[in-house]
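# Coordinate inspection notes
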Amino acid sequence: MKKIFYVLTLVAVLCSCADQEGEWFDTPFVRIATSTGASSTVVLSDVRNVNTYSVYLSSTPLADDDSLTVSYEVVVGDGLVEDVDYKVVTSQNPLVFLPGIYDMPIRIRWLKNPVDPAKDNTVTIRLTANSKGYNLGYPGPDHKQSEVIIEKRNN
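Owing to the predicted nature of the structure, the values given are computational and were not obtained by experimental measurement. (Residues numbered from 1 in each chain as written. Predicted model: local features only at pLDDT ≥ 70, side-chain atom pairs only at ≥ 80, totals over all residues. Heavy atoms only, no water.)

In this section: the overall build of the protein. When its secondary structure is counted, the protein shows one helix and 10 strands. Ordered by position from N to C terminus, the α and β elements of the protein give α-β-β-β-β-β-β-β-β-β-β. When the 155 residues of the protein are sorted by exposure, 30% land in the buried category. Just so you have it, the protein exposes about 9,600 Å², and 54% of that area is on carbon and sulfur atoms. (Helix = DSSP H or I, 4+ residues; strand = E, 2+ residues; numbered from the N terminus. Buried < 20%, exposed > 50% of the residue type's maximum accessible area, 1.4 Å probe, protein only. Areas by Shrake-Rupley, 256 points an atom, 1.4 Å probe, with all protein chains shown as cover.)

And the structure:
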């Protein structure tokens, strides 16, 4: 009976230690990523769909009477034309994070149209500012995920 008690205690201790694994930041930040969590992606020219790129807030909960605004810009390469190759569906800029909200979408409708491979066929969504001075992108000198780059390619 004592052996069973010791084995169960050991299992409980080992299982409880795994709950705190992962990377944690003390600095609040805002980041943007694709639906898979990447900083860049490719969209094929024969696809017609709406893709979502999410802006995430990583901070302690906002006060009930408080909110965070996050501004962004959409930079388009010389090979793409709005309403021919793509259409930015999200009109809200800045995005408003109310208390309890930790992600907001930016949606782009991709239109079926071939591209000139010799040109810059990218759309970059770049976070530019926020109302609380939080880091844009992950904390650190590289500011990873402060922007997401989408490249449109022919099949």
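As a further point, take the packing of aromatic side chains. Within the structure shown, the criterion is met by two aromatic pairs. A centroid spacing of 5.2 Å and a plane angle of 45 degrees characterise the contact between Phe-29 and Tyr-138, whose relative ring orientation is tilted. Residue Phe-29 is located in strand β1 (residues 29-33), and its partner Tyr-138 is located in the loop between β9 (135-136) and β10 (147-153); the two are separated by 109 residues in the primary sequence. Given the relative accessible area of 4%, Phe-29 is considered buried. For Tyr-138, a relative accessible area of 24% puts it in the partly exposed group. (Phe/Tyr/Trp six-rings, centres within 6.5 Å; stacked < 30°, edge-to-face > 60°.)

Here strand β4 (residues 68-76) pairs with strand β6 (residues 95-97) via three bridges, running antiparallel. Bridge pairing in β6 links Leu-68 to Phe-97. Judged from the seven bridges that link them, β4 and strand β8 (residues 122-130) form a sheet pairing that is antiparallel. Residue Val-76 lies in a different strand from β8, and its bridge partner there is Val-123. (Pairing = 2+ DSSP bridges.)

Ranked by size, the top nonpolar core spans 27 residues in total, and within it Tyr-53, Val-55, Ile-108, Ile-125 and Ile-150 carry the most contacts. At the level of secondary structure, the elements contributing two or more residues to this core comprise β1, β3 (49-58), β4, β5 (86-88), β6, β7 (103-110), β8 and β10. With four residues, the single largest contributor to this core is β7. With near-sequence residues (within four places) excluded, Ile-108 lies in contact with Asn-49, Val-50, Asn-51, Tyr-53, Tyr-86, Lys-87, Val-88, Val-89, Val-123, Ile-125 and Ile-150. (Core = buried A, V, L, I, M, F, W, Y, C linked by side-chain atoms within 4.5 Å. Contact = heavy atoms within 4.5 Å.)

Any functional reading would require information beyond the geometric quantities listed.
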